[in-house]
Amino acid sequence: MTVPELIQAAHSAAKEKRFPAAIEMAKAALKIEPGHERARMILAHALDNCGRTPEAAAIIEGMIRSGSSRPDLLYMQATFLRKIGRPNEALPFAQRFAALRTDSSDAHAHLGVVLSALGRGDEAALSLRRAISLNPAFAPHQYNLALVLIGLGRDSEAIQVLDKLLATAPSFAPGHVTLGEQYLKRGAVAEAIAEARLAITAQSEDVGAHLLLARGLTARAAGGSIGADDAEAEQHLRKALALDPNSFAAHGLLGFALQEKGDFEKALAEFVTSLRLNPMQGAAYYGLATCRKFTQEDGAYSDLVENAPNADGLPLEDRAHVHYALGKILEDRKEFERALGQFDSANRIMFELRAPQRRFDPNENENRVSWTIETFTPEFLERQRRLGSSSELPLVVLGMIRSGTTLVEQILSSHPQVVGAGELMFWHENAGKCLAAGLKDLDPAKVNRISTNYLGLLSEIGPTALRVTDKLPENILYLGLIHALFPEARIVHCRRHPVDTCLSIYATPYSSPPDFVYDRGNIVCAYRQYLRLMAHWRGVIPESRLLEVDYEELVADRETVSRRLIEFTGLQWDEACLHHESNDRLVKTSSRWQVRQPIYRTSVARWKNFKPWLNEFAELLPNAAICDVS
């Protein structure tokens, strides 16, 4: 093919969003004619859309240095530099372009975005409002202003701007998508789903709308909705990929959806594809690392993670996920000191990112536990007995996070008369409605409303089930209330070696983390309060309603412990409970890989592999006797 033909082919491929093909065609043209400006611009555009923005910026930088007089190069370079986290370098290009195009609303809008990235909010707003004044009927100007406000953390203002935009341009799909993302960020899942559906109605081929709807449905399913949400979420992910096979986000989200279903080989392929399209996404590296147990023979996959982009341009949270992924792979390969070093790096990053917003307060944590213990005395619970429901439907599974709750739920839900609901947020969202400082007795009307709503939720999840599990570890704080409202409900407390538990907490990333997870000292502090609270519940909840299961005993004698679990539920034994790895329910916790495997012993006494470097975790070794292990 001639250079013009190659360039035309590259242009067509880019227009059709076949960016890898556009890259190959543009490179072929440049091999023949290295200085061809249009070929270089197409190549830069395609690289940017494949997540290779630093390479795109290098190409445009070379063109500018070689003396090209095209003003649009200034715009492109400002865009690329801003995207890779170098707004200081982007600013001069954006300013030069705006100076050359004083009547261009786009030029001023883009300058505003760059200024916003530098934290110069007032100047950013001024530039964007100038852009709107130059073209007030152009919806993207309002949209750009909303995006800048979001970048400044002024989400409420952004929502107002988006509401105004959509009132006059209801078919502007990106506005619905961004508004939906804001709702999803705030936990307003129903509103996010509604905006995604409006976006799809306005533009059925908007990839972002299908991705938003998939995320919203997945979030609703994680909160305890019926399985239809997960099925529809996967449909929209596949629709997004049909529209854009090179959507790295869709491939990554599909990878996680397949993991939840237990299809790890297909999930692995999706993560590899996602990272090939965009190597700058830490969650996909961690997803890949949790698809299998790694050995030295898995070099190709290990290399993909070990060769992840370095710190330049990689956002901090993504960088942390790469460290978590490397730690997991190194531990699989028995390189324990290096693995713990990676976990240390991941937690340092996440502590700095999250601690300013949710700093762990040991005194506050202790006071909360003390209030709970002082409130839910045997006398208090006796006085509330008349308010309790006689339902045996709830089957509460709890324990410190990473203590084996997911495995226990997987065994229980393998029984044909038990449905596993996962980590429901019901008590987190509703306990505060009837608990308050100075509480003397529960309010009957509030209790009745909460009990009815809880049973309604469980019945929706398992319409024909005799037991429905609720396994949010945080429910340990609300166990007194749960027992007061449902005195016939069974409660299973999962215990694991304290240092194994704490190491697992430390080695795991979280989407909604407890505030103590990223610091060893904080983890130990929280663990001590957990022990204190469970000691109290043992004293006030009858043994007939509280069963304690040691992870180590479950691993050593699965059948005996599994039979004990089913007997405790009041149901007849079923052999399916010995084959939990065949349970096809969706698993949404970080243990999604482990619970699909036959029970294995490598997670028992895991702490011994890290014994020289335990530091604060070693303080808990005397508590190991709680789990009857040495």
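What counts, and where the lines are drawn
- Residues numbered from 1 in each chain as written.
- Predicted model: local features only at pLDDT ≥ 70, side-chain atom pairs only at ≥ 80, totals over all residues.
- Heavy atoms only, no water.
- Helix = DSSP H or I, 4+ residues; strand = E, 2+ residues; numbered from the N terminus.
- Rg over C-alpha atoms; globule rule 2.2 N^0.38 Å.
- Buried < 20%, exposed > 50% of the residue type's maximum accessible area, 1.4 Å probe, protein only.
- Contact = heavy atoms within 4.5 Å.
- Areas by Shrake-Rupley, 256 points an atom, 1.4 Å probe, with all protein chains shown as cover.
- Lys, Arg positive; Asp, Glu negative; His and termini not counted.
- Charge placed at Lys NZ, Arg CZ, Asp CG, Glu CD.
- Axes fitted to C-alpha atoms, helices over the stretch in contact; angles between N-to-C directions.
- Parallel < 35°, antiparallel > 145°, perpendicular 65-115°, else oblique.
- Phe/Tyr/Trp six-rings, centres within 6.5 Å; stacked < 30°, edge-to-face > 60°.
- Core = buried A, V, L, I, M, F, W, Y, C linked by side-chain atoms within 4.5 Å.
- Pairing = 2+ DSSP bridges.
- Salt bridge = Lys/Arg side-chain N within 4 Å of Asp/Glu carboxyl O.

### Looking at the overall build of the chain
Within the chain one finds 30 helices and five strands. Taken over C-alpha atoms, the radius of gyration comes to 27 Å for the chain, in line with the 25 Å a tight globule of 630 residues would show. Each of the three principal axes of the chain carries a C-alpha extent, and together these read 80 × 55 × 45 Å. Across the 630 residues in the chain, those meeting the buried criterion constitute 55%. Put simply, 68% of the contacts in the chain that link residues at least 6 apart link residues at least 24 apart. As displayed, the chain offers around 27500 Å² of accessible surface, 51% of which is attributable to carbon and sulfur atoms. Computed over 71 positive and 78 negative side-chain charges, the inter-centroid distance for the chain is 2 Å.

### Thoughts on the packing of helix α8 (residues 121–134) against helix α9 (residues 139–151)
Look at α8 against α9: their axes get within 9 Å of each other, and the N-to-C directions meet at 170 degrees. When the axes of α8 and α9 are compared, the pair comes out roughly antiparallel. Across the interface between the two elements, Ala124, Leu128, Arg129, Ala131 and Ile132 of α8 pack against His141, Gln142, Asn144, Leu145 and Val148 of α9.

### Observations regarding the packing of aromatic side chains
For any pair of aromatic rings, the description consists of the separation of the ring centres together with the inter-plane angle of the planes. Enumeration over the complete set of coordinates arrives at 15 aromatic pairs. Look at Phe360 and Phe516: their rings are 6.3 Å apart centre to centre, the planes differ by 75 degrees, and that puts the pair in the edge-to-face class. Note that Phe360 is positioned in the loop between α20 (336–354) and α21 (362–375) and Phe516 in the loop between α27 (498–506) and α28 (520–540), a separation of 156 residues in sequence. Each member of the pair, Phe360 as well as Phe516, carries the same accessibility label: buried. Residues Tyr527 and Tyr530 carry aromatic rings whose centres are separated by 5.1 Å and whose planes lie at 65 degrees to one another, so their mutual orientation is edge-to-face. On the criterion of helical spacing, the pair formed by Tyr527 and Tyr530 is a turn pair, its members being three residues apart in helix α28. There is no split in this pair, since Tyr527 and Tyr530 are both buried. Put simply, the rings of Phe426, Trp427, Tyr454 and Phe486 pair up and form one aromatic cluster.

### Observations regarding the nonpolar core
Trp427, Leu442, Leu481, Leu485, Phe516, Trp537 and Phe617 are the most contacted members of the largest nonpolar core, which has 186 residues in total. If one sorts the elements of this core by residue count, α28 sits on top with 10 residues. Ignoring sequence-local partners within four residues, the contact set of Leu485 consists of Gly388, Ser389, Trp427, Leu442, Val447, Ile450 and Ser451. Leu547, Val561, Phe568 and Leu571 belong to the second-largest nonpolar core, a separate cluster that totals 20 residues.

### Examining the pairing of strand β1 (residues 394–398)
Here is the key point about a regular strand: its side chains alternate between the two faces of the sheet. Most of β1 is tucked away, with five of its five residues classed as buried. Burial along β1 is two-sided: Pro394, Val396 and Leu398 and Leu395 and Val397, pointing in opposite directions, are all buried. Relative to strand β4 (residues 490–495), β1 runs parallel, the two being bridged by four bridges. Counted as the bridge partner of Val396 is Ile491 from β4.

### Points about the pattern of salt bridges
Scanning the model with the defined rule gives 37 salt bridges in all. Asp48 is paired through a salt bridge with Lys83; the nearest N and O atoms lie 2.7 Å apart. One end of the pair, Asp48, is in helix α3 (residues 37–49); the other, Lys83, is in helix α5 (residues 71–83), and 35 residues separate them in sequence. With a relative accessible area of 12%, Asp48 lands in the buried category.

### Points about the side chain of Ser127
For Ser127, the location among the structural elements is in helix α8. Given a relative accessible area of 10%, Ser127 falls into the buried group. Setting aside anything within four residues of it in sequence, one finds Ser127 in contact with His108, Ala109, Leu111, Gly112 and Leu115.

### Re the environment of Arg359
Summarising the element assignment, Arg359 is placed in the loop between α20 and α21. Overall, Arg359 belongs to the exposed group, its relative accessible area being 55%. Note: C-alpha distance between Arg359 and Asp515 (156 residues apart in sequence) is 6.4 Å.

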